Amino acid sequence: MSAPATSLQSGKQDRDELVRFWPTLVGATGAAATGLQLFVYTSSYFLKPLQGDMGWRRGQIAFGTTCATLASAALLPVVGYLTDRHGARKVGTIGLVGYGVLCLLLAAVPPVLGVFYAMLIAIGLFYTAASLVVFPPVVARRFDRPRGLALGITMSGASILLV
């Protein structure tokens, strides 16, 4: 028994959209794997090295991640507004570049806890502009029929990061 023609046509339309817009999907999925998710998932790996190099207690170091996360939480609605107003490409590019540069500069932070906290807050502000607030709306606008699948793939970026 064969499937109805409409089902076959819709399957072909789904594939056509996925093939046509795959760069958007790959870019959004990669961006979803960076930013907030990457920072939160990896920050605990640096507790012992920072403790040994800087002489800070683990609680002091972990509080820096809390500061970054709180800064991000405060800025998420603003980033959503900026994305609506200026576009995901501009906001996302600024976020990804700023986040990358600040992560590199984190290696040069002096052993002053206040400077460390300020750097992590700045990182939190930039990784918010490279978060799931910015990129999934692009995918949602680009895809029509396989929108749920495309969004699911995009959101899987953070999980793929953990593998």
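In case you missed it, the structure is sitting above this.
This one's a predicted model, so the numbers in the text were calculated from it and none came from an experiment.

**Q** A description of the pattern of salt bridges should follow, citing residues and the corresponding values.
**A** The tally for this structure, following the rule as stated, stands at one salt bridge. A salt bridge links Asp144 to Arg147, with the shortest nitrogen-to-oxygen separation between them at 3.6 Å. In this structure Asp144 comes out as exposed when scored by relative accessible area, which is 51%. On the basis of relative accessible area, Arg147 is assigned to the partly exposed category, the value being 34%.

**Q** Which residues make up the packing of aromatic side chains, and what values go with them?
**A** One pass over the structure, following the stated rule, counts six aromatic pairs. Seen from their ring centres, Phe63 and Tyr117 are 5.3 Å apart, and the 80° between their planes marks the pair as edge-to-face. Placement of the pair is Phe63 in helix α5 (residues 58-86) and Tyr117 in helix α7 (residues 113-128), with a sequence separation of 54 residues. Consider the rings of Tyr99 and Tyr127, whose centres lie 6.0 Å apart with planes at 90°: the pair is edge-to-face. Placement of the pair is Tyr99 in helix α6 (residues 88-105) and Tyr127 in helix α7, with a sequence separation of 28 residues. The same class applies to Tyr99 as to Tyr127, namely buried. A connected cluster of aromatic rings, assembled from ring pairs, spans Trp56, Phe63, Phe116 and Tyr117.

The rules behind the values
Residues numbered from 1 in each chain as written. Predicted model: local features only at pLDDT ≥ 70, side-chain atom pairs only at ≥ 80, totals over all residues. Heavy atoms only, no water. Salt bridge = Lys/Arg side-chain N within 4 Å of Asp/Glu carboxyl O. Buried < 20%, exposed > 50% of the residue type's maximum accessible area, 1.4 Å probe, protein only. Phe/Tyr/Trp six-rings, centres within 6.5 Å; stacked < 30°, edge-to-face > 60°. Helix = DSSP H or I, 4+ residues; strand = E, 2+ residues; numbered from the N terminus.

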